[in-house]
There are 2 protein chains.
Amino acid sequence: MNNNTVVVVDAMGGDNAPGEIVKGAVDAVNKNDKVEVILTGIEDQVRAELEKYTYPKERISIKHASEVITTEETPVFAIKKKKDSSIVVGQKLLKTGEADAFVSAGSTGALLVGGTLVAGRIRGIERTPIGTLIPTKTGVALLVDSGANVDCRPSHLVQFAQMGSIYMEHVVGVKNPRVSIVNIGVEEEKGNALVKETFPLLKECSSIHFTGSIEAREIPHGGADVIVCDGFTGNVILKLYEGTGAVLLSMIKQSMMSSLRSKIGALLIKPALKGTLKKFDASQYGGAPMLGLNGLVVKTHGSATAKEVCTSILQCITFKEQGINDKIKALLGRDVAKKKAEKAETAEGSAKEEKREEADN
Amino acid sequence: MNNNTVVVVDAMGGDNAPGEIVKGAVDAVNKNDKVEVILTGIEDQVRAELEKYTYPKERISIKHASEVITTEETPVFAIKKKKDSSIVVGQKLLKTGEADAFVSAGSTGALLVGGTLVAGRIRGIERTPIGTLIPTKTGVALLVDSGANVDCRPSHLVQFAQMGSIYMEHVVGVKNPRVSIVNIGVEEEKGNALVKETFPLLKECSSIHFTGSIEAREIPHGGADVIVCDGFTGNVILKLYEGTGAVLLSMIKQSMMSSLRSKIGALLIKPALKGTLKKFDASQYGGAPMLGLNGLVVKTHGSATAKEVCTSILQCITFKEQGINDKIKALLGRDVAKKKAEKAETAEGSAKEEKREEADN
């Protein structure tokens, strides 16, 4: 047995499949010799793309899958019906342990449903969130959940915080990451019902570095490393982030093109500006991990090019080498043990109380 | 009785009180002769500021209020304890009908609690939201609720949509405003529990022009005129909007100052850029209305200067002249009548059914 990281890549998912996806896989094995790729998809099409490149043949294989799930299909229905789709075939390899990770630019919904139904959740994990890396003024933060679970319970958010913290520390490399919950004020009494219930649980959680509430205003300033919220709020944050940035930049561009004077000015500041804006380009950070599954599932943008696919494959190596899922399991084991101990204690306590009551009577 | 709009202005609220507040009031009466202002606050201090200016004396008066509520105080406690505060005294004038509107840069929480406890809600209104005008690429949109009610029921959101629509059409002047609900996708089956329950109610609501769901990404593009959501989501949107804009602009400024070349470029594009960025400055639109109260309560920024105070006072004139609250009441009356009719119909229906059943037996 070798120690290579085995990454299944969905060759049929996304707007640029299979061309850019296959190219990304080739780039990844050429860049790093600790990774092996299994491409799932329609064999003829994938092979035709592969033949364009030079790469170590023993590290890329094809697993034929005759069906393709589109983003228009209802996820649950598609996963149940299309057993021979690239997504189902790929996630089965996670379930059996033949692969460590699965990278796809396909339907987020299908990946999530497939994650739960095919790959399966780590025992004890209640919900699997998507964590998205978003750029900030000072670096990058993990927004978790960014859209998988629209209605959450407090215990879900606590697990998101724990898993996000492990990912941020060991995959992204932020020491002792600051974990915050999205709120509408920093005072402890603020928040909606969900936040108010979750806050004390996070405060008590000894496995994370909880720094309290974060107002949305502080997110782009880099106010936290792991930003915890339900999937509805997270998705609103993610999309507004993209939208506001895009609109502001297009308005600035427009104003630069409005006169000869401003056009000359624009030419002069272009190089400096380009560097700045690159920092705010989320795609350079690779895909979004779905946390808490058997193996890692990474969702890249639907419009992902070879570069993003390659980055996403390479991030799976760190995930495996750092034993992220073992760390999650260890944490859950500790939580379960703690709960059992508490239960035992309470039982003992009430037994004693009963005895005392009996004596009193 | 004259037809002037009477606006109470909280002379003690906000970072720049009483100086900028009083100046804003003076500017308003000098600009428009259909408005009268009652300044509430500590009389000596207010009078000292007033004496600096020239203005029609008969249109500004002072109503003494010996106490001041700060933003640090717990709203419910402060409103109940400080009966002689500028906020309570001001909102009482709404309750009695002595004034049409109340403008304050003070504590949002206290204004909201005061609104419900002192001024009182319009009969039939379940919750009073804050509507904030946010700049978009194509103009301005009303975000409602932007922070007053963190946990909402579907019926609350329907009223927010109706009141927001009336405000946008008759105060801001957008004909037949497009109303959308914030969601994480445009398909009808998307959303959290609240959105899924609210969607069909909005679809059925004949008094608004409902255009479906809006993803947060489309908000800055100007995808809707009235953007409906619960106060938690709305507050996250509002603050992220501010934060993302501020960070992007500061990063762009930084990059412009990074070399001699870029500095020269910056000088050349400055005039064009300034015009663009002014469009994205929310403060020019005046304060945020709290809808559904007896009279209008307008919350201006805590940092409001005379200009914003003046704009906020003047927007109250349109509110009164357009009879916004009468329009809201008429709408509610229609809703109540409709519900009664439906109830009667159902009662009749079941009576008939009972008879039929009896005949069958």
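Residues numbered from 1 in each chain as written. Chains lettered and ligands numbered in written order. Predicted model: local features only at pLDDT ≥ 70, side-chain atom pairs only at ≥ 80, totals over all residues. Heavy atoms only, no water.

## Quick word on the overall build of chain A
Across its full length, chain A carries 11 helices and 11 strands. Seen through its principal axes, chain A has C-alpha atoms that stretch 90 × 55 × 35 Å. For chain A, the distance from the average position of its 46 positive side-chain charges to the average position of its 44 negative side-chain charges is 5 Å. (Helix = DSSP H or I, 4+ residues; strand = E, 2+ residues; numbered from the N terminus. Lys, Arg positive; Asp, Glu negative; His and termini not counted. Charge placed at Lys NZ, Arg CZ, Asp CG, Glu CD.)

## Considerations on helix 8 (residues 231-256) of chain A
Residues spaced three or four apart along an α-helix face the same direction, because each turn holds 3.6 residues. All names here are of chain A. Along its 26 residues, helix 8 runs 37 Å from first to last C-alpha, staying within 8% of the 38 Å computed at 1.5 Å per residue. Where burial is concerned, most of helix 8 is hidden: 20 out of the 26 residues are buried. Looking at where helix 8 begins, the residue whose side-chain oxygen comes 2.9 Å from the main-chain nitrogen of Phe 232 is Asp 230. (Expected span 1.5 Å × (residues − 1). Buried < 20%, exposed > 50% of the residue type's maximum accessible area, 1.4 Å probe, protein only. Polar contact = N/O pair within 3.5 Å; in protein donor to acceptor, adjacent residues only side chain to side chain.)

## Some thoughts on the relation of the copies chain B and chain A
When chain B is fitted to chain A, the residual RMSD is 0.1 Å, and the transformation amounts to a turn of 180° plus an axial shift of 0.0 Å. The transformation relating the two chain copies, once decomposed into turn and shift, fits a two-fold axis. When C-alpha distances to the rotation axis are compared across chain B, the minimum falls at Gly265(B), with a value of 1.8 Å. Looking at the interface residues of chain B, 100% of them are also at the interface in chain A, so both copies use one shared face. (Least-squares fit on C-alpha atoms with pLDDT ≥ 70 in both. Contact = heavy atoms within 4.5 Å.)

## Digging into the packing of aromatic side chains
All names here are of chain A. The tally for this structure, following the rule as stated, stands at four aromatic pairs over all chains. A centroid spacing of 5.2 Å and a plane angle of 75° characterise the contact between Phe 199 and Phe 210, whose relative ring orientation is edge-to-face. With a gap of 11 residues between them, Phe 199 in helix 7 (residues 193-204) and Phe 210 in strand 8 (residues 209-215) connect regions that are remote in the sequence. Exposure remark for Phe 199: the relative accessible area of 8% places this residue in the buried category. Across the ring face of Tyr 55, the terminal group of Lys 57 is positioned such that the distance to the ring centre comes to 4.3 Å. (Phe/Tyr/Trp six-rings, centres within 6.5 Å; stacked < 30°, edge-to-face > 60°. Lys NZ or Arg CZ within 6 Å of the ring centre and 35° of its normal.)

## A word on the sheet that holds strand 5 (residues 131-135) of chain A
In sheet architecture, strand pairing relies on hydrogen bonds along the backbone and comes in two forms, parallel and antiparallel. Residues and elements named next belong to chain A. Strand order in the open sheet formed by five strands is 5-6-9-7-8, with mixed pairing between adjacent strands. Each edge of the open sheet carries a strand with a single partner, namely strand 5 and strand 8. Pairs of neighbouring strands in the sheet enclose a mean axial angle of 30°, with direction left out of account. The pairing of strand 6 (residues 140-144) with strand 9 (residues 226-228) spans three bridges and is parallel. Within the sheet, the bridge partner assigned to Leu 143 lies in strand 9 and is Ile 227. (Pairing = 2+ DSSP bridges. Axes fitted to C-alpha atoms, helices over the stretch in contact; angles between N-to-C directions.)

## Some thoughts on the pairing of strand 11 (residues 296-299) of chain B
Both faces of strand 11 of chain B are covered, namely the face carrying Leu296(B) and Val298(B) and the face carrying Val297(B) and Lys299(B). In sequence, strand 10 (residues 288-290) of chain B turns back onto strand 11 of chain B through a hairpin of five residues, with Gly292(B) there showing a positive phi of about 95°.

## Quick notes on the pattern of salt bridges
Residue and element names in this part refer to chain A. Taken as a whole, this structure holds 23 salt bridges over all chains when the rule is applied. Residue Arg 217 pairs with Glu 215 through a salt bridge whose shortest N-O separation is 3.9 Å. Since its relative accessible area comes to 28%, Arg 217 is described here as partly exposed. (Salt bridge = Lys/Arg side-chain N within 4 Å of Asp/Glu carboxyl O.)

## A closer look at the interface of chain B and chain A
Listed per partner, the contact involves 52 residues of chain B and 52 residues of chain A. In this assembly, chain B and chain A are joined by four salt bridges. Across the pair Glu215(A) and Lys239(B) runs a salt bridge, and its minimum N-O distance is 2.3 Å. Residue assignment for the side of chain B that touches chain A shows that the elements contributing at least two residues are strand 7 (178-183), helix 7 (193-204), helix 8 (231-256) and helix 9 (260-279) of chain B. If you tally residues by element for the side of chain B that touches chain A, the top one is helix 8 of chain B, at 20 residues. Its residues placed into classes, the side of chain B that touches chain A shows 29 nonpolar, 15 polar and eight charged. (Nonpolar A, V, L, I, M, F, W, Y, C, P; charged D, E, K, R; others polar.)

## Structural notes on helix 10 (residues 306-321) of chain A
All names here are of chain A. Helix length check: helix 10 (16 residues) gives 23 Å between terminal C-alpha atoms against 22 Å at 1.5 Å per residue, within 8%. Along helix 10, the residues classified as buried are Ala 306, Glu 308, Val 309, Cys 310, Ser 312, Ile 313, Gln 315, Cys 316, Ile 317 and Phe 319. Positive backbone phi, at 60°, marks Gly 323, one or two positions downstream of helix 10.

## Digging into the packing of helix 9 (residues 260-279) of chain A against helix 8 of chain B
Their axes nearest at 8 Å, the elements helix 9 of chain A and helix 8 of chain B cross at an angle of 145°. Here the hand of the crossing between helix 9 of chain A and helix 8 of chain B comes out right-handed. Contacts from Ile269(A), Ala272(A), Leu273(A), Thr276(A), Leu277(A) and Lys279(A) of helix 9 of chain A reach helix 8 of chain B at Leu248(B), Met251(B), Ile252(B), Ser255(B) and Met256(B). For the contact of helix 9 of chain A with helix 8 of chain B, a count of residues per class yields eight nonpolar, two polar and one charged. (Left-handed = near helix turned anticlockwise from the far one by under 90°.)

## Digging into a positive patch on the surface
On the surface, a cluster of positive charge is made up of Lys63(A), Lys80(A), Lys83(A) and Lys92(A). With respect to the element layout, Lys83(A) can be found in the loop between helix 3 (75-81) and helix 4 (86-95). (Patch = residues over 30% accessible without salt bridge, like charges linked within 9 Å, V, L, I, M, F, W, Y side chains within 5 Å. Areas by Shrake-Rupley, 256 points an atom, 1.4 Å probe, with all protein chains shown as cover.)

## Quick notes on the nonpolar core
By size, the foremost hydrophobic cluster in this structure holds 160 residues, and its most contacted members are Leu39(A), Ile313(A), Leu39(B) and Ile313(B). Among residues more than four places away in sequence, those in contact with Leu39(A) are Val9(A), Ala11(A), Val22(A), Ala25(A), Val46(A), Leu50(A), Ile60(A), Ser61(A), Ile62(A) and Lys63(A). (Core = buried A, V, L, I, M, F, W, Y, C linked by side-chain atoms within 4.5 Å.)

## Some remarks on the pairing of strand 3 (residues 60-64) of chain A
Residue and element names in this part refer to chain A. Relative to strand 3, strand 2 (residues 35-41) runs parallel, the two sharing five bridges. Paired with Thr 40 across the bridge in strand 3 is Lys 63. For the handedness criterion, the β-α-β arrangement of strand 2, helix 2 (residues 43-50) and strand 3 is classed as right-handed. (Right-handed = clockwise from strand over helix to strand, strands pointing away.)

## Quick look at the environment of Ala148(A)
Residue and element names in this part refer to chain A. Considering the arrangement of structural elements, one finds Ala 148 in the loop between strand 6 and helix 6 (154-172). When the C-alpha positions of Ala 148 and Ile 252 are compared, they lie 34 Å apart, and in sequence the two are 104 residues distant. Residue contacts for Ala 148: discarding those within four places in its chain leaves Leu 112, Thr 128, Pro 129, Ile 130 and Gly 231.

## Let's talk about the packing of helix 4 of chain A against helix 5 (residues 108-119) of chain A
Residue and element names in this part refer to chain A. Relative to each other, helix 4 and helix 5 sit at 40°, their axes nearing to 9 Å. The orientation of helix 4 with respect to helix 5, classified from their angle, is oblique. The handedness of the crossing between helix 4 and helix 5 comes out as right-handed. Contacts between helix 4 and helix 5 involve Ile 87, Val 88, Gln 91, Lys 92, Leu 94 and Lys 95 from the former and Ala 110, Leu 111, Gly 114, Gly 115, Val 118 and Ala 119 from the latter. A breakdown of the residues in the contact of helix 4 with helix 5 according to their chemical character gives seven nonpolar, three polar and two charged. (Parallel < 35°, antiparallel > 145°, perpendicular 65-115°, else oblique.)

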